[in-house]
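# Architecture at a glance
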Amino acid sequence: MTALAIPGLDSAPTAHQRLLEWVHEVAELTTPDRVVWADGSDEEWERLTAKLVEAGTFTPLKQKPNSFWAASDPGDVARVEERTFICSVDPQDAGPTNHWMDPAEMKATMTELYRGCMRGRTMYVIPFCMGPLDAEKPMLGVEITDSEYVVVSMRVMTRMGSKALAKFGEDADFVPCLHSVGAPLDEGQQDVAWPANETKYISHFPETREIWSYGSGYGGNALLGKKCYSLRIASVIGRDEGWLAEHMLILKLISPENKVYYIAAAFPSACGKTNLAMLEPTIPGWKVETLGDDIAWMKFGEDGRLYAVNPEAGFFGVAPGTDWHTNPNAMRTIERGNTVFTNVALTDNGDIWWEGMGEPPAHLTSWKKEDWTPDSGELSSHPNSRYCTPMSQCPILAPEWDDPNGVPISAIFFGGRRKDTIPLVTESRDWNHGTFMGATLSSETTAAAKGKVGVVRRDPMAMLPFIGYNAADYFAHWIATGKRADAAKLPKIFYVNWFRRGEENQFLWPGFGENSRVLKWAIERIEGKAAAQETPIGYVPTLADLDTEGLDASQEDLEAALKVNREEWLAEIPLIEEWFDKMGEKLPTSLKDELAALKQRLNG
Ligand code: SAT
Ligand code: MN
């Protein structure tokens, strides 16, 4: 290694050769003013949050302990799917749903962007671990970044710093994650509150298990342990090693008889995963505890059951719509402080506010840092504004959340946001049919990604933007997973839709805590206690099969929520066919068979 005169570079608290070499290489390329190894200490948090306050990125909140308000650059508010690339050697391995670029070409392009990009800034080296530190093989990564916002957010979202570095030894495997906001500072140049670059790349190299991100400071683009590692790269590792990396919450359901069930559920971004994960059941005697709200890694245990682990340590939740009515446990979690709020509104007395919190105050500072009043005619908070808060603060956190063995999953829910066609809940006929339901999952787009909101798109397993390889191969991996275990031990798969609408455009199902009624029915199906009707699309409860006691909804609406409408389904078939055509030759035969059988049942 050449001796580089960058302060901090040679004070690395590790003897891990590959890590040291990589850090040197990046420092040489990006030429930061100094290098700091993040240790994850309280002292570091205080130093960095103070620096962010001084830079104008953070405003301390007077009403919440150790919490901060941040407003991003208006052009840097969501994941950028158009700029997200899977750079596999063979374009076939990125498949029909990802943007692909040749890895050598991408590296050449990005190397030029990275050259000198940290000038005037500090380069932080963040060792981190996704999932429990005590795992047999801890899933390690290192993020290099020039953003203090990223360092403090990574501290909330992951197990990082010294405790993670202790797992590296001298030669442990890790995923190198390189991030820069792409905003070098010249001598004396005043920094902006939210440095970013109009040119953005979020690149993944599946073969070499590397992540290179440039130009954005937003969560999903910049906190590289999250979607980039735990979904895109981990899905590739899971394919190779025989496990599943999924965009799923994990919840624990406790029955009145104190029986415990674990449920994993996949919904596209901003479709209520966090609300479901922290649900307060409205039905007496049932309890929910939370294990995760966004990502699940699922592996078979020795007993042949599928066990889930949440790789994250924090919640990066959508703020608008979250309040004491829709998600009291999220509110309690953030009340405890230690939270970073991005792109919500700031109240005059130093608290946060967003749409969905009830009556707005007379005056706010909007996410655009402008004066806002209820007459402003625009939203005070960006629809994809977020809170970033430690999981450990969640009052209903399941004690086993950090268990390296994970929890055995009884049911998997797939859900989307559809105003028609999809009933409130459908139980699949078997694993392959459930895989078909997941593979054809559809949803109206939300603000979590840049682009038009409200357009129906296929979002297989809610993983469309997160599958790190060929989507058809991913479906084949799901089918193969079902063959690796005794069918009776596999989770049962359900398809849900909380968002179906009636003739007056009203929601047919009240949602939120009432979703516990659907969870209860699913569990009772697993226990062989609840009835259902066999329909062409699967097993659907009649109104009598659901526990509706005390439910405040009209019978008409509830029946409409459960209805299997043949015409709507016949109209859905060509859309599924079009989607499957897009998958090309690699589409597993069993999914083609599922489609043919569905058509036959609908026409029969
Ligand atoms: O955009 S993030 O990945 O930070 C959150 C999400 O989309 O689920
Ligand atoms: Mn998500």
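Preceding block: the structure.
This section reports on the structure supplied with the text. Since we're looking at a predicted model, the values are computed, not measured. (Residues numbered from 1 in each chain as written. Chains lettered and ligands numbered in written order. Predicted model: local features only at pLDDT ≥ 70, side-chain atom pairs only at ≥ 80, totals over all residues. Heavy atoms only, no water.)

Our focus in this paragraph is the pairing of strand 14 (residues 260-266). Burial runs high along strand 14: six of the seven residues are buried. For strand 13 (residues 248-254) and strand 14, the ladder comprises seven bridges, and the chain directions are antiparallel. Paired with leucine 251 across the strands is isoleucine 263, a residue of strand 14. The antiparallel hairpin formed by strand 13 and strand 14 contains five residues in its connecting segment, where asparagine 258 sits at a positive phi of about 65°. For strand 14 and strand 25 (residues 407-415), the ladder comprises five bridges, and the chain directions are parallel. Counterpart to alanine 264 in the pairing with strand 25 is isoleucine 412. (Buried < 20%, exposed > 50% of the residue type's maximum accessible area, 1.4 Å probe, protein only. Helix = DSSP H or I, 4+ residues; strand = E, 2+ residues; numbered from the N terminus. Pairing = 2+ DSSP bridges.)

The subject of this paragraph is the nonpolar core. Core analysis: the biggest nonpolar cluster contains 133 residues, and Met298, Phe413 and Trp478 have the highest contact counts within it. When neighbours within four sequence positions are excluded, phenylalanine 413 is seen to be in contact with Ile263, Ala264, Ala265, Ala266, Phe494, Val496, Val518, Leu519 and Ala522. Core analysis: the next-biggest nonpolar cluster, separate from the first, contains 35 residues, Met110, Met118, Leu178 and Trp212 among them. (Core = buried A, V, L, I, M, F, W, Y, C linked by side-chain atoms within 4.5 Å. Contact = heavy atoms within 4.5 Å.)

Before going further, it helps to spend a moment on the packing of helix 2 (residues 42-55) against helix 4 (residues 148-157). Closest axis-to-axis distance for the helix 2/helix 4 pair is 9 Å, and the angle between their directions is 140°. By the angle between their directions, the pair helix 2 and helix 4 is classed as oblique. The hand of the helix 2/helix 4 crossing is left-handed. Facing helix 2, whose interface residues are Asp42, Glu44, Trp45, Leu48, Thr49, Lys51 and Leu52, helix 4 presents Glu148, Tyr149, Val151, Val152, Arg155 and Val156. Class assignment of the residues belonging to the contact of helix 2 with helix 4 gives a composition of seven nonpolar, one polar and five charged. (Axes fitted to C-alpha atoms, helices over the stretch in contact; angles between N-to-C directions. Parallel < 35°, antiparallel > 145°, perpendicular 65-115°, else oblique. Left-handed = near helix turned anticlockwise from the far one by under 90°. Nonpolar A, V, L, I, M, F, W, Y, C, P; charged D, E, K, R; others polar.)

Attention now moves to the coordination of the manganese ion (ligand 2). Protein ligation of the manganese ion (ligand 2) involves Lys227 (NZ), His247 (NE2) and Asp294 (OD), the donor distances falling in the range 2.0 to 2.2 Å. Sequence spacing of the donors to the manganese ion (ligand 2): K-x19-H-x46-D. With a gap of 47 residues between them, histidine 247 in the loop between strand 12 (244-246) and strand 13 and aspartate 294 in the loop between strand 15 (287-292) and strand 16 (296-300) connect regions that are remote in the sequence. Classification of histidine 247 by relative accessible area gives buried; the value is 0%. On the basis of relative accessible area, aspartate 294 is assigned to the buried category, the value being 8%. (Donors = N, O, S within 2.8 Å, 3.2 Å for Na, K, Ca; no water.)

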